[in-house]
2 protein chains.
Amino acid sequence: MELNKRQQQIVEIVKSNGPITGERIADRLDLTRATLRPDLAILTMSGILEARPRVGYYYSGKPKNKLITDELKQYIVKDYASLPVVVKDEMSIYDAICTIFLENVSTLFVINKNGDFFGVCSRKDLLRASMIGEDIHTMPVNIIMTRMPNLHYIFEDEKVVHAAKLMIDKEVDSLPIVTTKDNGKLEVKGRISKTTINKIFVSLSNE
Amino acid sequence: MELNKRQQQIVEIVKSNGPITGERIADRLDLTRATLRPDLAILTMSGILEARPRVGYYYSGKPKNKLITDELKQYIVKDYASLPVVVKDEMSIYDAICTIFLENVSTLFVINKNGDFFGVCSRKDLLRASMIGEDIHTMPVNIIMTRMPNLHYIFEDEKVVHAAKLMIDKEVDSLPIVTTKDNGKLEVKGRISKTTINKIFVSLSNE
């Protein structure tokens with residue numbers, strides 16, 4: 001965000017003299033309070049200055065962008081869900097690898113015969129299995145998959161930002177979006193991935 | 001971004017009557033132009049309204065956020081580069097898989113004996129090779145790697161947004177950041193990945 005000259009002057013005044021009221025800033029610039037109002041509004045909206053009633057304006061210390069922060073926090077996981085690729089736990093490793101290629105995903109979500117979510121099988125899991133020479137045609141994915149308590153997932157009404165954080169912290173490329181069934185088990189409803197976040201990033205920067 | 005009541009009224013007036021001057025909006029609301037100035041500034045900065053000199057305000061049609069767009073377009077690839085993992089083309093597929101696990105990356109960048117960038121070897125390439133039963137201990141990565149003209153890369157001074165777009169369009173998890181050497185060949189200087197974009201996204205949403 002580029003500040004105009006008057007906005008830069010205001011920031012300098014507040015930096016040196018804050019907290020300072022709008023009237024006193026106006027005095028120093030030989031302008032009326034009304035003239036300054038849009039500049040002060042923009043500086044506060046952008047998070048460069050903060051305002052406290054009956055105290056005045058002070059410098060926030062870092063040029064964070066409150067508008068961006070507010071915008072991103074509104075994004076909810078379910079609005080950005082893609083279709084999950086779900087496989088049964090008895091599928092062979094070979095078929096799982098084929099599914100990864102056919103569906104063009106990084107991760108398969110594994111369910112048991114009741115449809116409960118209980119495992120994740122990533123390209124890395126499959127690569128490890130095939131490298132160490134397992135019999136990939138007969139061995140089922142449930143032998144090599146990641147399982148509870150090491151599974152990471154997210155609920156539909158959580159924030160996209162939370163999903164992005166979780167993927168970074170846990171070093172996974174995607175997360176299953178789940179709901180809790182009546183029996184307390186989890187059901188996979190969707191998928192959110194680093195690619196999803198990439199797409200949001202690109203759409204935000206398109207005019 | 002949440003609009004206050006007066007800002008919502010302004011948007012409705014401009015939607016129905018735009019292009020319309022600030023004075024005429026003020027008349028309709030029984031307010032002075034000076035009172036409206038901060039609201040109009042915020043609505044224009046946020047991209048909801050657009051203003052043309054001597055024409056007036058009109059509704060932009062979509063609530064895009066110009067502040068966000070401007071901010072994201074300032075990000076340059078070299079400021080977000082991570083260390084690339086570069087291997088020689090004669091490395092065996094087995095060693096390449098081990099390197100992927102040791103370095104915890106999705107993609108290896110492959111160079112020839114002159115240090116020129118000339119291939120990319122992804123987890124997917126390695127998975128395909130090991131699945132079809134190649135002799136992964138003796139076969140070198142240059143047999144299975146992706147090579148020109150199917151290589152995608154980005155230069156240091158390009159925009160991060162461009163990198164993000166390229167990764168989506170080409171369906172790759174990371175890109176080598178390159179410079180052109182005196183002999184016209186490319187040298188790998190860094191790496192940018194979907195994880196990088198994820199981290200920027202998270203940092204933008206942190207206050």
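Along each chain, residue indices are assigned from 1 in the same order as the chain's sequence is written. Following the order in which they are written, the chains are lettered starting with A and the ligands numbered starting with 1. Local features in this predicted model are restricted to residues whose pLDDT is 70 or higher, and side-chain atom pairs enter the listing and the counts only when it is 80 or higher, whereas totals over whole chains, interfaces and linings include all residues. Computation of side-chain values covers all heavy atoms of the structure but excludes hydrogens and water.

- Under the annotation held in an unreviewed UniProt entry, chain A carries the name Helix-turn-helix transcriptional regulator and is attributed to Staphylococcus hsinchuensis.

1. Observations regarding the overall build of chain A
- Put simply, DSSP H or I for four residues or longer makes a helix, DSSP E for two residues or longer makes a strand, and each gets a number counted from the N terminus. Scanning chain A from N- to C-terminus turns up 9 helices and 8 strands.
- When we talk radius of gyration, it's over C-alpha atoms, and the globule rule is simply 2.2 Å times the number of residues to the 0.38. Relative to the 2.2 N^0.38 estimate, which gives 17 Å for 207 residues, the radius of gyration of chain A is 26 Å and therefore markedly larger than a compact globule would have.
- Viewed in the frame of its principal axes, chain A has a C-alpha envelope of about 85 × 35 × 30 Å.
- Taking all 207 residues of chain A together, 49% fall into the buried category.
- Nonlocal contacts in chain A, meaning residues at least 24 apart in sequence, comprise 52% of its contacts between residues at least 6 apart.
- Accessible areas in this description were obtained via Shrake-Rupley with a 1.4 Å probe; residue shielding takes into account the shown protein chains only. Surface summary for chain A: the accessible area is close to 10300 Å², and the carbon and sulfur share equals 47%. For the exposure calls, accessible area comes from a 1.4 Å probe over protein chains only, and a residue counts as buried if that area is under 20% of its type's maximum, exposed if over 50%, partly exposed in between. Note on contacts: a residue pair is in contact if any heavy atoms of the two residues lie within 4.5 Å.

2. Topic: the nonpolar core
- The set of buried Ala, Val, Leu, Ile, Met, Phe, Trp, Tyr and Cys residues whose side-chain atoms join them within 4.5 Å is what this entry labels a nonpolar core. Membership of the largest hydrophobic core comes to 40 residues, with the highest contact counts inside it found for L72(A), I192(A), F201(A), L72(B), I192(B) and F201(B).
- Broken down by secondary-structure element, the contributors of at least two residues to this core are α4 (66-72), α8 (160-170), β7 (174-180) and α9 (194-204) of chain A together with α4 (66-72), α8 (160-170), β7 (174-180) and α9 (194-204) of chain B.
- Residues in contact with L72(A), not counting those within four places in the same chain, are V161(A), L204(A), F201(B), L204(B) and S205(B).
- Counting residues in each nonpolar core, the second largest holds 38 residues, with M145(A), C121(B), L126(B) and I136(B) among its members.

3. Considerations on unusual backbone geometry
All names here are of chain A.
- Here G18 and P19 are connected by a cis peptide whose omega angle stands at -5°.
- Within the element layout of this structure, P19 appears in the loop between α1 (5-17) and α2 (22-29).
- Here the amide bond leading from M148 into P149 is cis, since omega sits at 5°, within 30 degrees of zero.
- Along the chain, the position of P149 falls in the loop between α7 (141-144) and β6 (154-155).
- Unlike most non-glycine residues, R54 shows phi in positive territory, near 65°.

4. Some words on the domain arrangement of chain A
- Start and end positions for the domains come from either an automated domain assignment or a database one. According to the domain assignment, chain A consists of domain 1 (5-66) and domain 2 (77-204).
- Taken over C-alpha atoms, the centre of domain 1 of chain A sits 49 Å from the centre of domain 2 of chain A.

5. Regarding the pattern of salt bridges
- Take a side-chain nitrogen of Lys or Arg and a carboxyl oxygen of Asp or Glu: if they are within 4 Å of each other, that pair is a salt bridge. In this structure the tally under the stated criterion is 14 salt bridges over all chains.
- Two residues, E12(A) and K15(A), come together in a salt bridge whose shortest N-O distance is 3.8 Å. Here K15(A) and E12(A) lie together in helix α1, a separation of 3 residues that amounts to about one turn.
- Across the pair K181(B) and D116(B) runs a salt bridge, and its minimum N-O distance is 2.7 Å.

6. What about the interface of chain A and chain B?
- Contacts between chain A and chain B engage 51 residues on the former and 52 residues on the latter.
- Summed over both partners, the accessible area lost on bringing two parts together, with a 1.4 Å probe, is the buried area. A buried area of about 5400 Å², summed over both sides, lies between chain A and chain B, and 69% of it is on carbon and sulfur atoms.
- The interface formed by chain A and chain B contains 2 salt bridges.
- Think of a polar contact as two N or O atoms within 3.5 Å of one another; within protein, one of them needs to be a possible hydrogen donor and the other a possible acceptor, and neighboring residues in sequence only count if both atoms come from side chains. In this structure, the connection of chain A to chain B is made through 9 residue pairs in polar contact (both at pLDDT 80 or more).
- If you list the elements that add at least two residues to the side of chain A that touches chain B, you get α3 (33-45), α4, α5 (93-103), α6 (123-131), α8 and α9 of chain A.
- Here the element with the most residues in the side of chain A that touches chain B is α9(A); it accounts for 9 residues.
- Classification used: nonpolar for Ala, Val, Leu, Ile, Met, Phe, Trp, Tyr, Cys and Pro, charged for Asp, Glu, Lys and Arg, polar for all others including Gly. Among the residues making up the side of chain A that touches chain B, the classes are represented as 28 nonpolar, 10 polar and 13 charged.

7. Considerations on α9(B)
- Most of α9(B) sits inside the fold, with 8 of its 11 residues counted as buried.
- For α9(B), the set of buried residues is K194(B), T196(B), I197(B), N198(B), I200(B), F201(B), V202(B) and L204(B).

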